[in-house]
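Commentary on secondary and tertiary structure
This is what each chain is made of:
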Amino acid sequence: GTLLQTGCRLETSSVHVFQRCCIWVTPAPCVYFVNQHPLFLVSDDRPSPARCVFTQCQYRSVETQKGNFSEMIYLVSIAAALLCIYLVKLVLRREPEPLNGHYAVPGRFYTLKKLLFLCLYHYRLFRARNHATSSADQERRKMGLGSLKVDIPKEKSVGGGLAKSSRSSDEEMESVQELIKDPNAIDSVYFMGFTQTDETFLIVRVCRKQNGLCEMWVLLRVDGIGCFQHPIHPETNYSLDNANTWSGGGLKLECLEPHRRWRIFFNGLLRKGPYRDKWTEDEGELLHVKMAFIWTSFSTVFNFDTDIHPSAIAASVAKEKWSSKFFTDLQKYNDQQTHYEQWGQFVGEIEIEGYERKELLLRGLRDHSYGVRNWADMYRYVLILAHFENGLSVNLLALSISATTTNMKIGFVMFPDGRKAGIDWSDISLAYMADDEVIGDLYRVTFTAANQLFNLQVSIDKSASPVMYGGLKWESQIHECVATYRLDLTVRGWGIIEFHYRNESGRQAPDSVAAERPQEPEVPNWSRLVLPLSDEACQSTALVGGKGAQLAQLTKMRKRFGMHFTVPAGVCVTTTALEHHMKMNRHLQQAVVEISDVACTRKTGNLCELCERCVELFRNTRLAPEIESAIHDQLTELNLLGTGDRLAVRSSAIGEDTEDSSAAGQLSTELGLKDFEQVCDAVQKCWASLYSFQAVQYRRQRGQPVPSNMGVVIQQMVEAQTAGVLFTCDPVTGHLGRMVINANYGLGESVVLGDAEPDTITLSCSLKGQCQILKKEVGTKQTHVRQAGEGGLRIEYTLVSDASKCCLAENMILRLGQVAFQVQKMYRTPRDIEWAIKGAHIYLLQARPITTFDTVSEFELMHEFDSALATDYEWMTTSNIGEMMPGAVTPLTMSIFVRAIEYALQELSMKAGGIPCFSPYNHKYVGICCSHLFMNLMSMNANMEQNNLITRKKTNEFELLGRVLNELSLHDIVLIYGKSPLWKRVVNTIKFIQYLRTAGSQANILMKKMMTYQIQPASNAQEYYYNMDMQLCDYFEAWATSVSKSSSSGMWNALLVSVLSGGKTEWTSELLADVAILYSTCSDIVSADIPVCVEAIAEAIRAQRKSTEFLKLDSEAAISWLLSQESGETGEKFQNFLQKHGFRCLREAELHEKSWRNDPKKILPAIQATLQSSKPAVKKAVWCPEEAIGSLKSNVTWIGKIMLRLLLPKARKAVADRELMKAEAIKMNDIFKTAYWKLANLMVQEGYLPDEDLLFFLTHSEIGQVFQQRSAAMITRAQLRRKLLRKQLDLRFKEMNISKPQPIEQGQSETTGAQITLKGMTVSQGVVKGTARVVKSILEAACIQEGDILITTSIDIGWSPYFPLLKGMVTEIGGLLSHGAVVAREYGMPCIVSCRNATSQLASGDTVILNGTKGTVQKIDEN
């Protein structure tokens, strides 16, 4: 052939060299260099592709190398020439025109620009990730464990975008953001949700703006009732409640847990009727609507700063003309705004005036945006938000920003398995989607994400397409169109499609001006003893208390805005005066300290007596001269002394009359005072009332410090002709369109104290403050209160003629309504106003917030921790998890134990290929409903054969349920969670095997750690909490290790059953009976030792002949004797039992349940029941592997028997290891349980909690918030949760639930017929006949008698001591390796599990035959 030389190079690794030659197919003959040695390709001159032969030759002559170098220069020149031609062609090519004159399209250098921008973007992303903490730490922190809680700084920069996050923590992202100094600064939170069964939807938004304004949306449609919209749009006054709440116009959006749970509350008026496409002043038909929802996330967070697909950004940027100004604008736009979204589930209830209350479940999106948003720069966008019945969620945005990217297409897809993927391409086009502002009925869009192609069909509901406005001058016009979707023509979806246009007509309403809200001044380091109400400093609640500050604020309102009311002149004795008074009188300080010590259980004593003594001390201790002088000087300056005017002295405590607490009626008020001595005496009484028993208990019960402070208001008293109270909303329903006035003749005391039946007047009030009288109910008004001539008050009887008519004229009623409207507008919250009328003047005596209408309902408390489901096709079961943790659990346990199990199962699933990544904010495996726990079978089965080569759905279900769930097919699971290709399954298998192999080493590490493990000590409660918080990662790892060993045990069991069954798909009762034989002897089962120890204690008592005496002792005396020296050998065995097993108990993972070690009385009933038993201890036959295999009834081949001999010892050991690791995890749980009880004790002593038990009704993060905020509302919520727990414990659920579990009706017996046969799963062989004992709770276990056959829902470690009394056992839930099965086999007791409806079909006293071999229990008629 012909020899040709080229300068191309080929890597050695790319060539297979066989000795010195190989075969290569190439389109043309050429020469390659391998390791600098030339390889000559010799062509046989046949048509291309030629068959060439590489021949390795070692030419090293200088001439040859020079020739090669010349050829290389030649080829490089040709390549350069071609590149120049290509560049010239690009330069000469005309730039395409933008679509419709606005939307950029790919230009000449589009490909090069896109590649260059991709490189820059990935570099920025790489740098951002290098500065982040490790992924494991991040996931644990997001799970809510192992993260130190710190105060959120007030000053924050924005600075995100283009692969850089603007916030370093979840808490920072989810808090109210400080508005930066820009007129277009925003902080917006948006929710939208839809039902999948009817046409109900909800859209709400609060967007904070400058100057105390906010844009507020409330759009609602309730199926069968109609459409509703907030009548005030787009701007209203903003109310700042706290750092986690956005509120305005009656709408409140509160972050309960970052990225996990939010509360949506609305109480106000909504306009009913068709949605309007133009702004109008007409209010329309207004109805009162009250709704409360808990939104819980089921997806991770998509942060547009960091998660947009790089290709989508690069494509958008590459379309534009590049310049320095373009990149400056691009950087500025991305730096000044942060935007992230998350999908979740709403559970709540809604009350609409005139209609029945409705409970709703919706799914939808949450959006938080903050920074600067200049709507004038926004030309157009189309936004698609859709959630589909298969759990998929989609956000697709086509965006045109005039200054930067005019044709951007971005978005994301959230998959049911927890993945999030940015959309990298879409054919969505602004030019062809209603660019003429004529919105069509149907659109089709295609996009790609995660290497999948999606075809989307959008059907718009024109009857639900309201038009909303935004921006400083209403530059934005948004058509919020409700839509239904079809994904790939088959999968149904729901959501919205937004069309944004520039609003060329501008603002159609007058400019909004925020009502000036009273602002508290900064408290100076020094303060005067007495301040007049007109003083600016008097508006500080920290200085004068709640009542005094509100009166000062009302005084300022009247002066500044000329409102038509008067605040009686007066002064405030400041908190500084009380501090000075106590400093000058040490006996008062000592009395308060003593009260605090007893109230906080630091000392014992009679709190009521101590309070009475303290009150007397305050009353008898004369005011310091300087305080008296200051009071006298201020009253004289205001001309309130010596004029004959009566004075009122009223308490004004810190924390009084706030939205969290009112303390109404607890503190002292003295009226009708004539002289200065009486005023001073009244001040002493007010201070004394601060430590009355009622006031101290009120603060203690709300977790507030017992030592408190108080201001005192001294005011001119109005000799009122009529007085009373006015509520600016209905105090019962919270109706904001109603005002309620209670009025009587004379002073208001008769109304406030309820001494007389007043007149009740109801007014309607429009949004503009126009009032009308709706109803007047004339009360009896038999008596009223007047000022007494000699001082004080007197009660007078009302003339019959006066009592028969309303005490207020209609014009005065309407004037009162107008004044109340202005006051409510100023405070931006409903008010409870005390007023008085003298002549034509209206006097305001108080204006405190109404604290009752935002109370949490029982429904909300019942469902506040429910986990969210992305689809209605999830299967939730009580099996397995219900065995370990039956009944409802406390909030603390949900926030710690449940998340630890979730973490462990997610880690397991990641290794098995079920999920690709952690879902730190969601419950994928452990579901919660009404505080009951469930396993998500769809998620658990996602780990099976469709994603690896080891695990099997059938085996998994047998271990969890005790049966195969044929109703749930593998095909159903694949439809939701997908399926891995073969290569991926191989990779997942390798990862899973490695995970199982490391389980043993992790177990050894855990056991070594547990030998000396403890929570680090601390000097106070807050420090101890932080220590626990930092060590929670150890708690997580303990449960992760336990789950990994359980998984390993399950794998050995699966192999054993597979060999025994010979690969058969159907598992018969005979096969299961053989499995029970194989597992009948498992040594070193730690949980099986518990009943043995209990029997030993009972036997020791018998040996000491103390049985009769011991049974007569009460629990306290019995435990005291067992722990005393007198008990001898019995005491030693009892102490050994507590040392060995004392960390366990019933419902042992529940942090609220004290272990046997911490509460030995819990084990006493089992000891007494065993002591009463005359049943001798039964010695169970021990089967060695050979004997067990030899007794099998199944046909096993000789090869199978060999495999069984190899597998059985390992499988038995795996069962023992599984129980051992569970015990170690429970031991870790008990360490934290004990620590939480210690923390509770410290918090009670420091006054944070009223009692220790209440701690367990707070979540772990809420405990941290108690330290930071000391919120009385949070303590009250915990008390409400505690009251509800008993009701939650009584709830029952089906074993299998499709979609969200629903409680079943109680009290309906399903028992029918004289003879019943129920089928279950054999876990321990044998046939017995006996009396059925149906026990649904361990609390009823005392009724168990010797020889009973126990019928119960599930078994956990707490039942172990009762096993020696039983003949057999039947449980409704359980599996082959469940606790009850393992211990029953150890005792040789017949047992079947997964026997559905056994507790309802059978009754205590029935005679039954339990056949553990066939897996049946039969009720028989003795006759």
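Fair warning: this is a prediction, and the values are worked out from it, not measured in the lab. (Residues numbered from 1 in each chain as written. Predicted model: local features only at pLDDT ≥ 70, side-chain atom pairs only at ≥ 80, totals over all residues. Heavy atoms only, no water.)

**Thoughts on the nonpolar core**
Side chains of nonpolar character tend, in soluble globular proteins, to be buried together. Residues Phe 897, Tyr 1035, Tyr 1236, Leu 1239, Met 1243, Leu 1255 and Ile 1263 are the most contacted members of the largest nonpolar core, which totals 91 residues. Take this core: its biggest share by element is 15 residues, from helix α32 (residues 1198–1245). The residues touching Leu 1255, leaving out its near neighbours within four places in the chain, are Leu 892, Tyr 1236, Leu 1239, Ala 1240, Met 1243, Leu 1249 and Ile 1263. Core analysis: the next-biggest nonpolar cluster, separate from the first, contains 70 residues, Val 1075, Leu 1146, Val 1196 and Leu 1204 among them. (Core = buried A, V, L, I, M, F, W, Y, C linked by side-chain atoms within 4.5 Å. Buried < 20%, exposed > 50% of the residue type's maximum accessible area, 1.4 Å probe, protein only. Helix = DSSP H or I, 4+ residues; strand = E, 2+ residues; numbered from the N terminus. Contact = heavy atoms within 4.5 Å.)

**Structural notes on a nonpolar patch on the surface**
Residues Tyr 74, Leu 75, Ile 78, Leu 82 and Ile 85 make up a contiguous nonpolar surface patch of roughly 490 Å² in combined accessible area. The topology assignment puts Leu 82 in helix α1 (residues 62–92). Accessibility expressed as a relative area gives 54% for Leu 82, which makes it exposed. (Patch = residues over 30% accessible without salt bridge, like charges linked within 9 Å, V, L, I, M, F, W, Y side chains within 5 Å. Areas by Shrake-Rupley, 256 points an atom, 1.4 Å probe, with all protein chains shown as cover. Salt bridge = Lys/Arg side-chain N within 4 Å of Asp/Glu carboxyl O.)

**A few points about the packing of helix α26 (residues 1089–1103) against helix α29 (residues 1128–1141)**
Running from N to C, α26 and α29 point in directions that differ by 165°, and their axes come no closer than 9 Å. When the axis of α26 is compared with that of α29, the two are roughly antiparallel. Handedness of the α26/α29 crossing: left-handed. Between α26, through Asp 1089, Ile 1090, Cys 1093, Val 1094, Ala 1096, Ile 1097, Ala 1100 and Ile 1101, and α29, the contact on the second element is made entirely by Thr 1130, Lys 1133, Phe 1134, Phe 1137, Lys 1140 and His 1141. Split by residue class, the contact of α26 with α29 holds nine nonpolar, two polar and three charged. (Axes fitted to C-alpha atoms, helices over the stretch in contact; angles between N-to-C directions. Parallel < 35°, antiparallel > 145°, perpendicular 65-115°, else oblique. Left-handed = near helix turned anticlockwise from the far one by under 90°. Nonpolar A, V, L, I, M, F, W, Y, C, P; charged D, E, K, R; others polar.)

**Notes on the packing of helix α28 (residues 1115–1122) against α29**
Relative to each other, α28 and α29 sit at 95°, their axes nearing to 8 Å. When the interaxial angle is binned, α28 and α29 end up roughly perpendicular. Along the contact surface, α28 presents Ile 1119, Trp 1121 and Leu 1122, while α29 presents Thr 1130, Gly 1131 and Phe 1134. Here the residues of the contact of α28 with α29 are counted per class, giving four nonpolar, two polar and no charged.

**Re the packing of aromatic side chains**
Within the structure shown, the criterion is met by 32 aromatic pairs. On the basis of an interplanar angle of 40° and a centroid distance of 6.4 Å, the ring pair of Phe 201 and Tyr 275 is categorised as tilted. In this pair, Phe 201 is assigned in strand β7 (residues 201–208) and Tyr 275 in the loop between β13 (261–272) and β14 (285–297), connecting sequence segments 74 residues apart. In this structure Tyr 275 comes out as buried when scored by relative accessible area, which is 13%. Measuring from centroid to centroid gives 6.0 Å for Phe 304 and Phe 412, while their planes differ by 70°, and the two rings are edge-to-face. Residue Phe 304 is found in the loop between β15 (302–303) and α5 (310–318), and its partner Phe 412 is found in strand β20 (residues 408–414); the two are separated by 108 residues along the sequence. Given a relative accessible area of 11%, Phe 304 falls into the buried group. A connected cluster of aromatic rings, assembled from ring pairs, spans Phe 191, Trp 246, Trp 262, Phe 293, Trp 295 and Phe 346. For Arg 419, the ring lying beneath its charged end belongs to Phe 415, and the centroid distance is 4.0 Å. Sitting over the ring of Tyr 698, Arg 702 keeps its end group 3.8 Å from the ring centre. (Phe/Tyr/Trp six-rings, centres within 6.5 Å; stacked < 30°, edge-to-face > 60°. Lys NZ or Arg CZ within 6 Å of the ring centre and 35° of its normal.)

**A few points about the side chain of Ser 175**
Within the secondary structure layout, Ser 175 lies in the loop between α4 (170–173) and β6 (185–194). Look at Ser 175 and you get buried, because its relative accessible area is 1%.

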